[in-house]
Amino acid sequence: QVQLIESGGGLVQAGGSLKLSCAASGDTITTYAMGWFRQAPGKEREFVAGRTRSGLNTNYADSVKGRFTISRDNAKNTVDLQMNMLKPEDTGVYYCAARDGRDNLSRVVTTTAGYPYWGRGTQVTVSA
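Treat the numbers as computed from the prediction; the structure is a model and nothing was measured. (Residues numbered from 1 in each chain as written. Predicted model: local features only at pLDDT ≥ 70, side-chain atom pairs only at ≥ 80, totals over all residues. Heavy atoms only, no water.)

A.B. asks: How do you make sense of the sheet that holds strand β1 (residues 3–7) when you look at a structure like this?
C.D. replies: Strand order in the open sheet formed by four strands is β1-β3-β8-β7, with antiparallel pairing between adjacent strands. The two strands at the open ends of the sheet, each matched to only one other strand, are β1 and β7 (68–73). For this sheet, the mean inter-axis angle between neighbouring strands, taken without regard to orientation, is 20°. Summarising the sheet, β7 and strand β8 (residues 78–83) pair through six bridges and their orientation is antiparallel. Paired with F68 across the strands is M83, a residue of β8. (Pairing = 2+ DSSP bridges. Helix = DSSP H or I, 4+ residues; strand = E, 2+ residues; numbered from the N terminus. Axes fitted to C-alpha atoms, helices over the stretch in contact; angles between N-to-C directions.)

A.B. asks: Whenever I open this one, the state of the cysteines confuses me. Can you help?
C.D. replies: Joining two cysteines, a disulfide is a covalent bond between their sulfur atoms. Here the structure, examined in full by the defined rule, presents one disulfide. Here C22 engages in a disulfide with C96; their sulfurs sit 2.0 Å apart. Linking C22 and C96, the disulfide has an S-S dihedral of approximately 60° and is accordingly described as right-handed. Taken together, the positions of C22 in strand β3 (residues 18–25) and C96 in strand β9 (residues 92–100) put the pair 74 residues apart, joining distant regions of the chain. Assessed through its relative accessible area of 0%, C22 is described here as buried. (Disulfide = S-S within 2.5 Å. Buried < 20%, exposed > 50% of the residue type's maximum accessible area, 1.4 Å probe, protein only.)

As structure tokens, then:
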């Protein structure tokens, strides 16, 4: 079973950038399709970005397209989320999630139920 730990969250001003990392242990991250989700206070957890195991397909929420980039670093066994031009509405707890990607789905799963493995989250706060 894979364990996931997010890092890189913090406080940043609007317009700034932040890079989140999701470190996998117990298994190689190349086994998995990966997703990033976020949850604002009082809101449902929502899909932010995802990547198939192969990396041939990525998907982003409309609200972050052009600003966020998901990537995988095999050497570090991490999946990262580069966030640029941050807005106050990006504030929330960011979670990384994994699903076994060896089914080789060519689409990115965007539902929370589609991911069995989750990190505990990291707080991102964007001030105006």
